[in-house]
Amino acid sequence: MKTKKKTKPPRYDAIRAGSFWSQRLQSTDPLSAVLTYNAPAELNRAYDEWERKSLLDHLPAKMKGKRVLDLGSGIGRLSIPLAKLGAEVIAVDPSDGMRRHLAKEAKKAGVDDRVTTVSASADQIPFGDKLFDVAICFGVLEHLPEHARKTCLQELIRVVSRKGKIFAVVNNFDNALLRETYGLKAQRKDGYFVSLVGLEWIQRQCRRFDAVATVRTANPFYAMAHYYLQPNLKKSGITKREFAELCRQLPQLDAAHGLSEPLCRRMASHYLVEIVRK
């Protein structure tokens, strides 16, 4: 009886991925480059505020002197606010363009002495064990094929201290509209990859690595505005001005009601998850 040969998963090429994100940054404004490329500016601003506010609300009370890893740091949306709180931030990203942009912004903000940029792949974190007090992983896992994603999560748990915390944002497998658009099976030739991760996936993997993942908040109101309302503005009779005003309110709505069921599980596009060692 012939046994099937195990096929190796396709290699994740961080260099190609970095090149893709550098080129994307050159083609649009910084926020659109790292969030949704073709979305209205007010939607990207709303999502950006939700992520930053959600993180700041759940960080330890005192961040001064804390060692923080910002994995997939991009343009520095999180690195710079964390450095302003007094944290020593290591900003890791494979994109040369993103790291250069972050360095310029850190200098403008007067925190360049507390932000160090490093070129590395998310599944090969070049630091020793238990080095960081906090690790941030926003907008990264969904851009890694599953084998690289598993390794990335294991690496994050490895480099965080015994009492440290990891904050990750994962997209929602249970959102039917996301399933229609987040379906790549392999990394494209230009380096881009995106897929659904899901809450159950990260909780299951954390159990394997002797850690616990707890949902802290979600964004059903943002997701409804982005995926249901914005494509149907004409049908709904809502003006662009009214939509922009709604977008300004989305982060507050999600902060107050993000985990409300059944909105959360079916409608949210993303979860903020806190991971700690057992």
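Structure: above.
Report follows, based on the coordinates. (Residues numbered from 1 in each chain as written. Predicted model: local features only at pLDDT ≥ 70, side-chain atom pairs only at ≥ 80, totals over all residues. Heavy atoms only, no water.)

1. Focus on the overall build of the protein
What counts is decided by this rule: Helix and strand assignments come from DSSP, with helices taken as H or I runs of at least 4 residues and strands as E runs of at least 2, each series counted from the N terminus. Within these notes, the globule rule equals 2.2 Å times the number of residues to the 0.38 power, and the radius of gyration is based on C-alpha atoms. When a residue's accessible area, from a 1.4 Å probe over protein chains only, is under 20% of the maximum for its type it is buried; when over 50% it is exposed; and in between it is partly exposed. Positive charges are assigned to Lys and Arg, negative charges to Asp and Glu, while His and the chain termini are left out of the count. To locate a charge, the coordinates of NZ of Lys, CZ of Arg, CG of Asp or CD of Glu are taken.
The secondary structure content of the protein amounts to 12 helices and 7 strands. By the compact-globule yardstick of 19 Å for 278 residues, the protein fits well, its C-alpha radius of gyration being 19 Å. In terms of its C-alpha atoms, the protein occupies a principal-axis envelope of roughly 65 × 55 × 40 Å. For the protein, with 278 residues in total, the buried portion stands at 51%. Computing the positive centroid from 47 side-chain charges and the negative centroid from 30, the protein places the two 5 Å apart.

2. Focus: the packing of helix α1 (residues 14–27) against helix α5 (residues 96–108)
Rules: In this analysis, axes come from line fits to C-alpha atoms, helices being fitted only over the stretch in contact, and the angle between any two N-to-C directions falls in the range 0 to 180 degrees. Any angle from 65 to 115 degrees is called roughly perpendicular, while one under 35 is roughly parallel, one over 145 is roughly antiparallel, and all others are oblique. Contacts between residues were defined by any pair of non-hydrogen atoms, one from each residue, lying within 4.5 Å.
Look at α1 against α5: their axes get within 6 Å of each other, and the N-to-C directions meet at 55 degrees. The orientation of α1 relative to α5 falls into the category oblique. When α1 is examined against α5, the residues W21, S22 and L25 are found in contact with a partner set consisting of D96, G97, M98 and H101.

3. With respect to the nonpolar core
Rules: Nonpolar cores were defined as sets of buried Ala, Val, Leu, Ile, Met, Phe, Trp, Tyr and Cys residues, with membership established by side-chain atoms within 4.5 Å.
In terms of nonpolar packing, the biggest core is built from 48 residues, with L82 and I136 touching the most fellow members. Not counting chain neighbours up to four residues away, the residues in contact with I136 comprise L55, V68, L69, D70, L71, L78, L82 and F167. Among the nonpolar cores identified, the runner-up in size contains 42 residues, and A120, I125, C137 and V197 belong to it.

4. Some words on the side chain of D123
This is how the line gets drawn: Counting of polar contacts relies on pairs of N or O atoms within 3.5 Å, with two restrictions inside protein: one atom must be capable of donating a hydrogen and the other of accepting it, and residues adjacent in sequence are counted only when both atoms are side-chain atoms.
Within the secondary structure layout, D123 lies in the loop between β3 (115–118) and β4 (132–137). At 2.3 Å, the side chain of D123 forms a polar contact with the side chain of S121. Not counting the four nearest positions on each side in its chain, D123 is found in contact with Y12, A148, T151, C152 and E155.

5. As for the side chain of S73
Topologically, S73 is positioned in the loop between β1 (67–71) and α4 (79–84). When its relative accessible area of 7% is taken as the criterion, S73 is described as buried. Leaving out residues up to four positions away in the same chain, S73 has contacts with S79, A91, V92, D93 and L102.

6. Points about the pairing of strand β2 (residues 88–92)
Applied cut-off: Two strands pair if DSSP finds at least two bridges between them. Consider the strands pointing away from the viewer: the crossover is right-handed when the path from the first strand over the helix to the second runs clockwise.
When you tally the buried positions in β2, you get 4 out of 5 residues, the bulk of the element. Relative to β2, β1 runs parallel, the two sharing 5 bridges. The residue of β2 that forms the bridge with L69 is I90. Both β2 and β3 contribute to a ladder of 4 bridges, which runs parallel. Bridging across to β3, V89 finds its partner in V115. At this point the chain moves from β2, through α5, to the parallel β3, and the crossover so formed is right-handed.

7. Considerations on the sheet that holds β4
Pairing between the strands of a sheet comes from backbone hydrogen bonds, and it takes one of two forms, parallel or antiparallel. Strand order in the open sheet formed by 7 strands is β3-β2-β1-β4-β5-β7-β6, with mixed pairing between adjacent strands. If you trace the sheet from one side to the other, it starts and ends with β3 and β6 (211–218), each paired once. Ignoring strand direction, the axes of neighbouring strands in this sheet form an average angle of 20 degrees. Bridge count for β4 against strand β5 (residues 160–171) is 5 bridges, and the pairing is parallel. Directly across from F132, in β5, lies its bridge partner V160. Those strands touched by helix α3 (residues 41–58) are β4, β5, β6 and β7 (270–277), and its axis lies near 25 degrees from that of β7. The sheet contacts of helix α6 (residues 146–159) involve β1, β4, β5, β6 and β7, and relative to β5 the element is tilted by about 150 degrees.

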